[in-house]
Amino acid sequence: MSATDHPRRGRVPVLSVPPVSELDGRLIRTSGARQIWILTRPILWVGIFAAFSQHGWWILALAVFPALFLSQVVALNDVMHRSIGLGPRATELAVALLGCLVVESGHAIRITHLAHHKQGGGPGDPESYVDLLPLRQLVAEMPRYRFRIWGYGWRNSSRRERCWICAELGLAAIAIAACISGIAPTSVVVFVLLSVLAGWAFPLVSAVGPHADWGRDNSSHAYRVRGRWLPRLMLNLPFHLEHHLYPEIPSHRLPELSKAVERFIDRAGIKQVRVW
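Computed from a predicted model, the values in this text were never measured in an experiment. (Residues numbered from 1 in each chain as written. Predicted model: local features only at pLDDT ≥ 70, side-chain atom pairs only at ≥ 80, totals over all residues. Heavy atoms only, no water.)

(A) Spotlight on unusual backbone geometry. Even without being a glycine, L235 presents a positive backbone phi close to 55°. Of note, L235 is situated in the loop between α9 (230-233) and α10 (240-245). Classification of L235 as partly exposed rests on a relative accessible area of 21%. Phi is positive for N236, close to 75°, though the residue is something other than glycine. Within the element layout of this structure, N236 appears in the loop between α9 and α10. (Helix = DSSP H or I, 4+ residues; strand = E, 2+ residues; numbered from the N terminus. Buried < 20%, exposed > 50% of the residue type's maximum accessible area, 1.4 Å probe, protein only.)

(B) Highlighting the confidence of the model for the chain. For the chain, per-residue confidence averages 88 on the pLDDT scale, and 89% of positions sit at 70 or higher. Within the model, pLDDT remains below 50 along residues 1-8, and this stretch shows 19 contacts once partners closer than five positions in the same chain are excluded. A low-confidence stretch, residues 213-219 (pLDDT under 50), is modelled with 21 contacts involving residues beyond four sequence positions or located in other chains. (pLDDT = per-residue confidence, 0-100. Contact = heavy atoms within 4.5 Å.)

(C) View of helix α7 (residues 159-181). Here α7 contains 23 residues, and its C-alpha end-to-end distance of 32 Å stays within 8% of the 33 Å for a straight helix at 1.5 Å per residue. Residue G182 follows α7 closely and has a positive phi angle near 90°. (Expected span 1.5 Å × (residues − 1).)

(D) Spatial organisation of the packing of helix α4 (residues 88-101) against α7. Where α4 meets α7, the closest approach of the two axes is 10 Å, and the angle between their N-to-C directions is 25°. Classified by the interaxial angle, the pair formed by α4 and α7 is roughly parallel. Of the two possible hands of crossing, α4 and α7 adopt the one that is right-handed. Facing E92, L93, A96 and C100 of α4, the residues of α7 in contact are W164, E168 and L171. Tallied by class, residues from the contact of α4 with α7 come to five nonpolar, no polar and two charged. (Axes fitted to C-alpha atoms, helices over the stretch in contact; angles between N-to-C directions. Parallel < 35°, antiparallel > 145°, perpendicular 65-115°, else oblique. Left-handed = near helix turned anticlockwise from the far one by under 90°. Nonpolar A, V, L, I, M, F, W, Y, C, P; charged D, E, K, R; others polar.)

(E) Structural view of helix α5 (residues 106-119). Between its first and last C-alpha atoms α5 spans 20 Å; for 14 residues at 1.5 Å apiece the expected length is 20 Å, and the two agree. Looking one or two residues beyond α5, the residue adopting positive phi is G120, at roughly 70°.

(F) Summary view of the side chain of S195. Inspection of the secondary structure assignment puts S195 in helix α8 (residues 186-208). Residue classification places S195 among the buried positions, given a relative accessible area of 3%. Apart from residues lying up to four places away in sequence, S195 is in contact with F65, F69, V102 and V103.

(G) Representation of the pattern of salt bridges. Using the criterion set out here, one finds nine salt bridges in the structure. We note a salt bridge from R110 to E92, for which the minimum N-O separation is 2.9 Å. In this pair, R110 is assigned in helix α5 and E92 in helix α4, connecting sequence segments 18 residues apart. In this structure E92 comes out as partly exposed when scored by relative accessible area, which is 21%. The salt bridge partner of E141 is R144, with a shortest N-O separation of 3.1 Å. Pair noted here: E141 and R144 are both in helix α6 (residues 135-155), with a separation of three residues, about one helical turn. Judged by its relative accessible area of 42%, R144 falls in the partly exposed class. It is possible to trace a salt-bridge network through shared partners that takes in E92, R110 and E161. (Salt bridge = Lys/Arg side-chain N within 4 Å of Asp/Glu carboxyl O.)

(H) Summary view of the packing of aromatic side chains. Taken as a whole and assessed by the stated rule, the structure comprises eight aromatic pairs. Measuring from centroid to centroid gives 5.9 Å for Y145 and F202, while their planes differ by 25°, and the two rings are stacked. Linking Y145 in helix α6 with F202 in helix α8, this pair joins segments that are 57 residues apart in sequence. The class of F202 is partly exposed, set by a relative accessible area of 29%. The rings of F49, F65, F69 and F191 are connected pair by pair, giving a single aromatic cluster. In this structure, R232 is placed above the aromatic ring of W229, and the distance from its NZ or CZ to the ring centre is 5.3 Å. (Phe/Tyr/Trp six-rings, centres within 6.5 Å; stacked < 30°, edge-to-face > 60°. Lys NZ or Arg CZ within 6 Å of the ring centre and 35° of its normal.)

Written as C-alpha cells, this is what we have:
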C-alpha cells in the first residue's frame, strides 16, 4: 500500500504506531543541562550577533542570524509541545520570551501551531495553508502571513492568552517604532529587520520544505526525510513526519525516534526523500 492510500488527518498520513512508552520511554527524557542549552542557545546567538554588529563586522553578524533564528524556532517548538519538561509557569514565560526574542508573539504562534498539528495541513490549516498556493500567490502572501498567524491566535485564544498576546505584540510594536523613529541603534534596526524578513520567509520555506517534498510534490504533507548533514545543520527540523507522529518527543531526540519508527514507516510505504 502506498502512502497516498492511507487514511489522513489533513494531508498527514495516519500511521499505526505504538505509544512512546512502548516504543522507547527514554525518548521523552530531557536532562536539566539539555533544557538549559535549548533555552539559552538562541540567547547566546543573539549575544554573538550583538558582538559582531557592535564591532562593525556585518558579514559575520548576518552569517550567524540564520543559526540564531533556527535555534529560536526549535526551542519554541519544544516549549510549545511541552516536550522538554518545563512546568506550566515556566512554559508560559518561555513561550513569551522566545517569541519576543525575534519580535513575535509566542502565544499566537503556539495557538496556530497546535491547530496545525490537529488539522495536519490542507487549505483550512491556519499555519500550512501556504503549502498549496501557486508561487505567485505564495510570494504575495508572504508579508500577510504573520498577520494571519496573529489573527488566528487572537480569535482562538483564552482571556489569559490574549493578555500575553497583547503584551508580546506591544513589545514588538515598540521595537519597530524605535527603529523607524531612529531611536534604536543600527544593530537593533538590522536585527529587527532580519527578524521580520525571516518571519515573512517562513511560508516560502514551508512550501518548498518537508511539507512538500522539498518543492517537488504537494500530494502529502510530510515525508520520511533522511540525510547526513542537513538534518544536523537544521537542528533536526527535517524529521517532520516523526515530529507529527510524536510531538511530545523533544527535537534533540528525533534522530533516535526516526530509527525507532523506521519499520512502521516502511510498512506504510511512506515516500523517502534524500537530502544532503
